[in-house]
Each structure stands twice: as structure tokens, then as C-alpha cells.
Amino acid sequence: MTVQGVILDWAGTAVDYGCFAPVAVFVEVFAKRGITLTAEEARGPMGMLKRDHLRELCRLDSVAEQWKAAFGRAPEEADVDSLYADFELMLFSILKQYATPIPGAIELVARLRSQGIKIGSTTGYTTEMMEIVAAEAKKQGYAPDGLVTPDEMPAGRPYPWMIYENAIRLGIYPMKHIVKVGDTISDIREGLNAETWTVGILKGSSELGMSEAEVNACDPAELQRKLEEIERRYRSEGAHYVIDSIGALDPVIADINRRLAAGESPCSKAAALKG
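Residues numbered from 1 in each chain as written. Predicted model: local features only at pLDDT ≥ 70, side-chain atom pairs only at ≥ 80, totals over all residues. Heavy atoms only, no water.

Colleague: Mind showing me how you'd approach the packing of helix 5 (residues 77–94) against helix 7 (residues 127–139) here?
Modeller: Two quantities define a packed helix pair, namely the angle between the axes and the distance from one axis to the other. Two numbers describe how helix 5 lies on helix 7: the axes approach to 11 Å, and their chain directions differ by 15°. As far as their axial angle goes, helix 7 and helix 5 are roughly parallel. In this structure, the crossing between helix 5 and helix 7 has a hand that is left-handed. Listed contacts from helix 7 to Y84, F87, E88, L91 and F92 of helix 5 are E128, M129 and I132. (Axes fitted to C-alpha atoms, helices over the stretch in contact; angles between N-to-C directions. Helix = DSSP H or I, 4+ residues; strand = E, 2+ residues; numbered from the N terminus. Parallel < 35°, antiparallel > 145°, perpendicular 65-115°, else oblique. Left-handed = near helix turned anticlockwise from the far one by under 90°. Contact = heavy atoms within 4.5 Å.)

Colleague: Would you explain empty space enclosed by the protein in this entry?
Modeller: Think of a ball as big as a water molecule: rolled over the atoms, this probe shows where empty space is left. Here the structure, examined in full by the defined rule, presents 1 cavity of 30 Å³ or more. There is about 90 Å³ of room inside the largest cavity. Surrounding the largest cavity, 14 residues form its lining, D9, A11, G47, K50 and G124 being those nearest its centre. A class-by-class count of the residues in the lining of the largest cavity yields 5 nonpolar, 4 polar and 5 charged. (1 Å grid on protein atoms, 1.4 Å probe; cavity = no way out; pocket = protein on both sides within 12 Å on 5 of 7 lines; lining within 4 Å. Points joined across faces, edges and corners; volume = space filled by probe spheres on them. Nonpolar A, V, L, I, M, F, W, Y, C, P; charged D, E, K, R; others polar.)

Colleague: What is the right way to look at helix 9 (residues 185–193) in this model?
Modeller: Given 3.6 residues to a turn, an α-helix orients residues that are three or four positions apart in the same direction. Among all positions in helix 9, only I185, S186, D187, I188, E190 and G191 are buried. Positioned one or two residues after helix 9, E195 has a phi angle of 60°, which is positive. (Buried < 20%, exposed > 50% of the residue type's maximum accessible area, 1.4 Å probe, protein only.)

Colleague: In this structure, what is going on with the layout of surface pockets? I would like to understand it.
Modeller: Considering only enclosed or pocket space, the largest pocket measures out at about 370 Å³ in volume. When contributions to the lining of the largest pocket are tallied by element, the ones reaching two or more residues are helix 2 (39–43) and helix 11 (220–237). The element that contributes the greatest number of residues to the lining of the largest pocket is helix 11, accounting for 5 residues. Here the lining of the largest pocket is composed, by residue class, of 3 nonpolar, 2 polar and 7 charged. Volume-wise, the second largest pocket comes out at about 180 Å³. Lining the second largest pocket, in full, are G44, P45, M46, M48, E56, P158, T184, I185, S186, R189 and E207. Here the lining of the second largest pocket gets 3 residues from one element, more than from any other, and that element is helix 9.

Colleague: Help me understand the environment of T123, please; the structure alone is not making it clear to me.
Modeller: Note that T123 resides in the loop between strand 2 (118–121) and helix 7. When sequence neighbours within four positions are dropped, the list of residues in contact with T123 reads D9, W10, G47, M130, L147, V148, T149, P150, R157 and M162. There is a polar contact of 2.9 Å between the side chain of T123 and the backbone nitrogen of Y125. (Polar contact = N/O pair within 3.5 Å; in protein donor to acceptor, adjacent residues only side chain to side chain.)

Colleague: Which parts of the structure should I look at to understand the nonpolar core?
Modeller: Considering soluble globular proteins, one finds that nonpolar side chains tend to be buried as a cluster. In terms of nonpolar packing, the biggest core is built from 71 residues, with V6, F30, L54 and L249 touching the most fellow members. Dropping the residues within four chain positions of it, L54 is found in contact with F26, V29, F30, V80, L83, Y84 and F87. Grouped together as the second largest cluster of nonpolar side chains are 8 residues, I7, I163, A167 and A194 included. (Core = buried A, V, L, I, M, F, W, Y, C linked by side-chain atoms within 4.5 Å.)

Colleague: Explain the sheet that holds strand 2 to me, please; I cannot follow it from the model alone.
Modeller: Backbone hydrogen bonds hold the strands of a sheet together, and the pairing may be parallel or antiparallel. As summarised here, the arrangement of the 5 strands in space is 2-1-3-4-5, forming an open sheet in which the pairing is parallel. The open sheet has two edge strands with one neighbour each: strand 2 and strand 5 (241–243). For this sheet, the mean inter-axis angle between neighbouring strands, taken without regard to orientation, is 25°. Sheet analysis places strand 4 (residues 197–201) next to strand 5, joined by 3 bridges and oriented parallel. Within strand 5, the position partnered with V199 by the bridge is Y241. Contacting strand 1 (5–8), strand 2 and strand 3 (178–182), helix 8 (residues 161–170) crosses the sheet at an angle of about 145° to strand 2. Contacts from helix 11 reach strand 3, strand 4 and strand 5, with the element oriented near 155° to strand 5. (Pairing = 2+ DSSP bridges.)

Colleague: Help me out: how do you make sense of the packing of helix 9 against helix 11 in this one?
Modeller: Contact pair helix 9 / helix 11: the axes reach a minimum separation of 9 Å and the direction vectors enclose 25°. When the axis of helix 9 is compared with that of helix 11, the two are roughly parallel. Considering only the axes of helix 9 and helix 11, their crossing is right-handed. Within the contact between the two elements, helix 9 uses I185, I188, R189 and L192 and helix 11 uses R233, Y234 and E237. In terms of residue class, the contact of helix 9 with helix 11 is built from 4 nonpolar, no polar and 3 charged.

Colleague: Please explain the side chain of R43 as it appears in this structure.
Modeller: Tracing the chain through its elements places R43 in helix 2. No salt bridge is formed by the buried R43. Its closest oppositely charged neighbour is D183, at 6.3 Å. Of note is the side chain of R43, whose polar atom sits 3.1 Å from the side chain of S206. Excluding residues that lie within four positions of it along the chain, R43 makes contacts with G18, C19, F20, V23, S206 and G209. (Lys, Arg positive; Asp, Glu negative; His and termini not counted. Salt bridge = Lys/Arg side-chain N within 4 Å of Asp/Glu carboxyl O.)

Laid out in C-alpha cells, this is it:
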């Protein structure tokens, strides 16, 4: 058999070039408490359920030290609850502005469907958040066949549950016939834990964290240096493939089909060595 399903992440992969919606909000909710958080720090745990993301940010040495200086103690779970309440309010107010499909995503989905491939999706957003994002993206032509959010499952990324649920709803088995595509380390870990093929995206990704205009204006040598570093991170996590942009997935699907025909699987030694 060939590839039967592709599971796409949302922000930074299919919509919201550069994954900017959550970043500004993460920075702002900490700033309200007198804590300085850089955009780079805010992006670190990207792809996780947003409450889990905030927990990880609170564990950063820079944040913990500032928090102790301001409040006399390290951040606690009640602080995570407070941060998340502010985060939700602020994010809901801007989500519609960050649901534009990334160039190449809509066309890619059409090409995959022409091959009989189903399109699933996972995310770090909650169901309520995705009701806004998915509805707005659909207006603009992007609508996958399936969507699973982390609050529907026992846990979000890097656990494989959202991918498993996509497989159930889309009727795909075994897992080696699924390809997980994303723009964060959490996406790669999610795919590997689900024993699917994994693909990391460079341009448009949260890992790169640049708008399309910034990418186009960037010095070619500097951009190449950034892309090579992101690819190194993806590969070090075990990604099977790394692609320039979402529209460049087609050759990967063809190569995976070849490897499946040769008896390879995502968790085989051969798969780990190739790609």
C-alpha cells in the first residue's frame, strides 16, 4: 500500500505563516506581571497544548529568576492558571487575523486528495480556539478532512493520541501509511511517538519565526544559515524528512511510497538512516 493519510499541523504549517498569533500573546501575559520574555523564548515549547506551553515557560531559568525577584517565590500552578486565563482572552481576540493559509497549502491538499490521500490535522490550540481558526481558514479555501485538538485527548504533544484519533476517524491503518507534517520539534516528537513518517518544515515555521516578507528580504547567506540550523534540530530529533515549504511535500510522498514498497517502515533502522 501507499501513503493513505497526511496529518498537518495548523499554525506555522498550514496557516499563519511564521506562527505569530501565540507568540505576541505569550510575551504580553508575562509582561503584565513585570516579567520579560523574548519572542525566541516564547517559541521554545511551540506546538504543545497552550497551558502546557505556559508551564514550560515558567520553568525557564530566566522566567523563574524574574518571578522570584518580583514575587518572592517560583511560579506555581495557580500562576499558570492565571497566565492561561489572560492568554485565552487575548488570543481569542486576535485569532481570526491569523488563519490565512500559508502559500502552497491549499494547492498541496488538492494534489494529495487527487491521489486518494486523506488530510488530517493536529494542533496545540484547544477546541474553542480551533472553532475560530478552522472556520476562518475554510472561508479562505483550507479545510482538512479531520481535526483533533489536545483537549479532546488525555494529553497533547508530544504524546501520539491526536494522531491515533485522526487515524481512527479517517480509517487508516497501519500507522506506517501516515505522514505527520509540522513546523516544531513537538510535531516531530508527536509523529515519531505515533510511529508515522515525520516531516519538518523550514519556511513559514515557528522554528524560523519570520514573516514571508522577512524571509524574502533576508540576506540569502544569513537565511541559509538559519535554515540549516533548523534542519539540524529537526534531524537531531529524528525527523525522516525536512522540506523548504509546505508546497514541497509531493516528492516526499513519492519517496515514502517507494520505501513502503521496499518494505521499509518509519521505525525501521533503514528509515532512521535515510531521508
